Amino acid sequence: MSERQAPFRSGGPQGTRFFSTEALRQYASDAASATDRRISAHEPVLEGTSPGIEGRRFTLGPGRQSIGRRGDNEIVIDDLSVSGNHAWITNQDGRCVIVNTLSTNGTFVNDRRIHEVALRHGDHIRLGQAEFMFLTREPGQPEPVSRRRIVAAVLLGAVAALAALAWWLRGSP
């Protein structure tokens, strides 16, 4: 089997693997496409807006993600103004909360220094000098209609129908 056909070949008794250029390109493409998934309320993203991270999207899956300069964070930001472990974002059923973890340069949401705050679509987040936009839907998409609004509209319609029925019944002999 040639190097073109196999994605890797063993290089020694310890199982060291040598990857072909094509395999490395495929792995890089797969990793990039994983960050280009559709934005949703249950899997929102942080989209970089400052130089160096502009356009990069970080998907916020369920649970807690740490953000910082160190390599052991789920979201690594290579910027000296970002602390090693700068903040956490917790995503529970689509409700995201950002918490500053005693960072040196602070965490800001919509230009207000925060310790902990619930995020909403379109919020501007700054960690040191690294800036992001919090997105729960693609730019230009309308806000999804919530269940509360649907229930309120149905109840309002039912009340109006009952009022009309009562008015009609009072008017008949």
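Residues numbered from 1 in each chain as written. Predicted model: local features only at pLDDT ≥ 70, side-chain atom pairs only at ≥ 80, totals over all residues. Heavy atoms only, no water.

Q: Can you break down the pairing of strand β5 (residues 63–68) residue by residue, with the values?
A: As paired elements, β5 and strand β7 (residues 87–92) share 5 bridges and run antiparallel to each other. Counted as the bridge partner of Arg-64 is Thr-90 from β7. Of the strand pairs in this sheet, β5 and strand β6 (residues 75–76) are connected by 2 bridges, and their pairing is parallel. The residue bridging Ile-67 from the neighbouring strand is Ile-75, located in β6. (Pairing = 2+ DSSP bridges. Helix = DSSP H or I, 4+ residues; strand = E, 2+ residues; numbered from the N terminus.)

Q: Requested: an account of the packing of aromatic side chains, with residues and values cited.
A: To describe a pair of aromatic rings, you give the distance between the ring centres and the angle between the ring planes. Going through the model one piece at a time under the given rule, you end up with 1 aromatic pair. Taking 6.2 Å as the distance between ring centres and 70° as the angle between the ring planes, the aromatic pair formed by Phe-58 and Phe-132 counts as edge-to-face. Here Phe-132 lies in strand β13 (residues 130–135) and Phe-58 lies in strand β4 (residues 57–59), a separation of 74 residues in the sequence. Assigned by exposure class, Phe-58 and Phe-132 land together as buried. Between Arg-64 and the ring centre of Trp-88, over which it is positioned, the NZ or CZ distance is 3.8 Å. When the ring centre of Phe-108 is taken as origin, the NZ or CZ atom of Arg-126, which lies over that ring, is 4.1 Å away. (Phe/Tyr/Trp six-rings, centres within 6.5 Å; stacked < 30°, edge-to-face > 60°. Buried < 20%, exposed > 50% of the residue type's maximum accessible area, 1.4 Å probe, protein only. Lys NZ or Arg CZ within 6 Å of the ring centre and 35° of its normal.)

Q: I'd love a proper account of the pairing of strand β3 (residues 45–48), names of residues and values included.
A: Burial of β3 is two-sided: the residues Val-45 and Glu-47 facing one way and the residues Leu-46 and Gly-48 facing the other way are all buried. Sheet topology places β3 next to β4; 3 bridges connect them, and they run antiparallel. The residue bridging Glu-47 from the neighbouring strand is Arg-57, located in β4. Pairing of β3 with β13 involves 4 bridges; the strand directions are antiparallel. Across the sheet, the residue bridging to Val-45 is Leu-135, located in β13.

Q: I'd love a proper account of the sheet that holds β7, names of residues and values included.
A: The 5 strands are arranged β6-β5-β7-β8-β11 in an open sheet whose pairing can be described as mixed. What marks the edges here is a single partner per strand, and that holds for β6 and β11 (116–118).

Q: Summarise the side chain of Asn-100; cite the residues concerned and give the values.
A: Position of Asn-100 among the secondary structure elements: in strand β8 (residues 95–100). Side-chain polar atoms of Asn-100 contact the side chain of Thr-107, separated by 2.7 Å. Asn-100 has contacts with His-86, Ala-87, Gly-106, Thr-107, Ile-114 and His-115, leaving out every residue within four places of it along the chain. (Polar contact = N/O pair within 3.5 Å; in protein donor to acceptor, adjacent residues only side chain to side chain. Contact = heavy atoms within 4.5 Å.)

Q: Describe the sheet that holds β3, naming the residues involved and giving the relevant values.
A: Judged by pairing direction, the sheet is antiparallel, and its 6 strands sit side by side in the order β4-β3-β13-β12-β9-β10 without closing on themselves. The strands lining the two open edges of the sheet, one partner per strand, are β4 and β10 (112–114). When strand polarity is set aside, the average angle formed by the axes of neighbouring strands in this sheet is 30°. As defined by bridge partners, strand β9 (residues 107–109) adjoins β10 across 3 bridges and the pair is classed as antiparallel. (Axes fitted to C-alpha atoms, helices over the stretch in contact; angles between N-to-C directions.)

Q: Account for the pattern of salt bridges, naming residues and giving values.
A: Scanning the entire structure with this criterion turns up 2 salt bridges. Notably, a salt bridge pairs Arg-57 with Glu-47, separated by 2.7 Å at the nearest N-O pair. Taken as a pair, Arg-57 in strand β4 and Glu-47 in strand β3 lie far apart in primary sequence, 10 residues in all. When sorted by exposure, Arg-57 lands in the same class as Glu-47, which is buried. Residue Arg-70 is joined to Asp-72 by a salt bridge in which the shortest nitrogen-to-oxygen separation is 3.0 Å. Looking at Arg-70, the relative accessible area reads 42%, which means it is partly exposed. (Salt bridge = Lys/Arg side-chain N within 4 Å of Asp/Glu carboxyl O.)

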